[in-house]
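Chain and residue survey
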Amino acid sequence: MRRKTRIPPSPLPQRRGVDPVRVRLPATGTWGTVREHLVERLSGAGAGVVEGMFDAGRIVGADGRPVAADAPFLPGMYVWFHRDLPEEVPVPFPLEVVHRDEHIVVVDKPHFLATTPRGGHVAETALARLRRELDLPSLGAAHRLDRLTAGLVLFTVRPEERGAYQTLFRDRRVRKEYEAVAPFDAGLALPRTVRSRIVKERGVLTAREVPGEPNAVSRVELVEHRDRPGGQGGSGGLARYRLAPATGQTHQLRVHMTALGVPILGDPLYPEVTAPVPAGDFRRPLQLLARSLEFTDPVTGEEHRFHSGRTLAAWASYDRWAAGSYDGPSDGQ
């Protein structure tokens, strides 16, 4: 049986709640030096960037010392460095801690805040902010919510327990319920369970339904409906929906609601991709909320049931939301 290689602890501290990048050199290769390999591997960083990092001593080995530019290539060697953080507009809405104990932290995430560092959202993410605000550098995410979706997210306190909580989501042992505001269609028979096959291709913004064995299952229920302001009722009104995904495909609920003919309000991708909004434009958030999480704690055996206290803006005040006057959750939400 092949022994698993032990990963050395990081010799660099976090920066603004963001872990340093760890790179393991491949087992084989023709590179003469560590620098030659990293210049090729990190070519997307731009000309001269890696060389500049070596010159500044920013690339270090397991002992925390800078790796020399002419250090020989050693198969399996680990190196660490901090990426240059992108310029980010802070998301001006708070993270509400719903529950915290020695094992987990559950937060009520606002719209527009990414769960974990990715792409142009790094330090301004729920994970990085919580690490800073709660002084918990070992905090990790057990699952993710889309950046535009608000609601409950589960984080783990101890790295050695993270896998147990992630397995809950992988094995579909977490009961999740969402809420959405979308158009009302009097001819749409609900409740119903939507089953389809959804694929999401790398580099493509949207997911799509394709023929084949279903891999996405969502329960859709109508909670209530009403006229839009101005007395427009019938199929022109608004509705609040309860959504219960049994699977976790990318954009699953957004795709299924669009397929039913009632796309979620404020969705910039479905049914059509709209022009990107400028950085710092936090108006008209997607009207999708992760309302509840229920599960049996895999470490303590405790039964957990958490609920978001937020109210979707378009339901609370459609006129203000439609006019782009959203300014974050109000008191008590």
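Use the structure listed above.
Residues numbered from 1 in each chain as written. Predicted model: local features only at pLDDT ≥ 70, side-chain atom pairs only at ≥ 80, totals over all residues. Heavy atoms only, no water.

1. Remarks on helix 3 (residues 126–133)
- Among the eight residues that make up helix 3, six are buried, leaving the element largely enclosed by the rest of the structure.
- A126, L127, A128, R129, L130 and R131 are the residues of helix 3 that are buried.
- Backbone geometry just downstream of helix 3 places D135 in the positive-phi region, at approximately 55°. (Buried < 20%, exposed > 50% of the residue type's maximum accessible area, 1.4 Å probe, protein only. Helix = DSSP H or I, 4+ residues; strand = E, 2+ residues; numbered from the N terminus.)

2. Overview of the nonpolar core
- The biggest cluster of nonpolar side chains holds 50 residues, and the ones touching the most others in it are V105, L139, F155, Y241, L243, M257 and L288.
- For M257, the residues in contact, after removing those within four places along its chain, are A182, V220, Y241, L243, V262, P263 and I264.
- One finds L38, M53, I59 and M77 within the second-largest nonpolar core, a separate group that totals 15 residues. (Core = buried A, V, L, I, M, F, W, Y, C linked by side-chain atoms within 4.5 Å. Contact = heavy atoms within 4.5 Å.)

3. What about a positive patch on the surface?
- Together, R118, R144, R162, K200 and R202 make up a region of like positive charge exposed at the surface.
- Mapping R162 onto the fold places it in helix 4 (residues 159–170). (Patch = residues over 30% accessible without salt bridge, like charges linked within 9 Å, V, L, I, M, F, W, Y side chains within 5 Å. Areas by Shrake-Rupley, 256 points an atom, 1.4 Å probe, with all protein chains shown as cover. Salt bridge = Lys/Arg side-chain N within 4 Å of Asp/Glu carboxyl O. Lys, Arg positive; Asp, Glu negative; His and termini not counted. Charge placed at Lys NZ, Arg CZ, Asp CG, Glu CD.)

4. Looking at the packing of aromatic side chains
- A complete count under the given rule lists six aromatic pairs for this structure.
- Between Y318 and W321 the ring centres are 6.0 Å apart and the planes differ by 40°, which places this aromatic pair in the tilted class. Residue Y318 and its partner W321 are located together in helix 7 (residues 318–322), separated by three residues, close to a single helical turn.
- Among the aromatic residues, ring-to-ring pairing joins F93, F112 and F282 into one connected group.
- It is R226 that lies over the ring of W315; its NZ or CZ is 3.7 Å from the centre.
- We note R284 situated over the ring of W321; from NZ or CZ to the ring centre the distance is 4.5 Å. (Phe/Tyr/Trp six-rings, centres within 6.5 Å; stacked < 30°, edge-to-face > 60°. Lys NZ or Arg CZ within 6 Å of the ring centre and 35° of its normal.)

Fair warning: the whole summary comes from geometry, so function is off the table for now.
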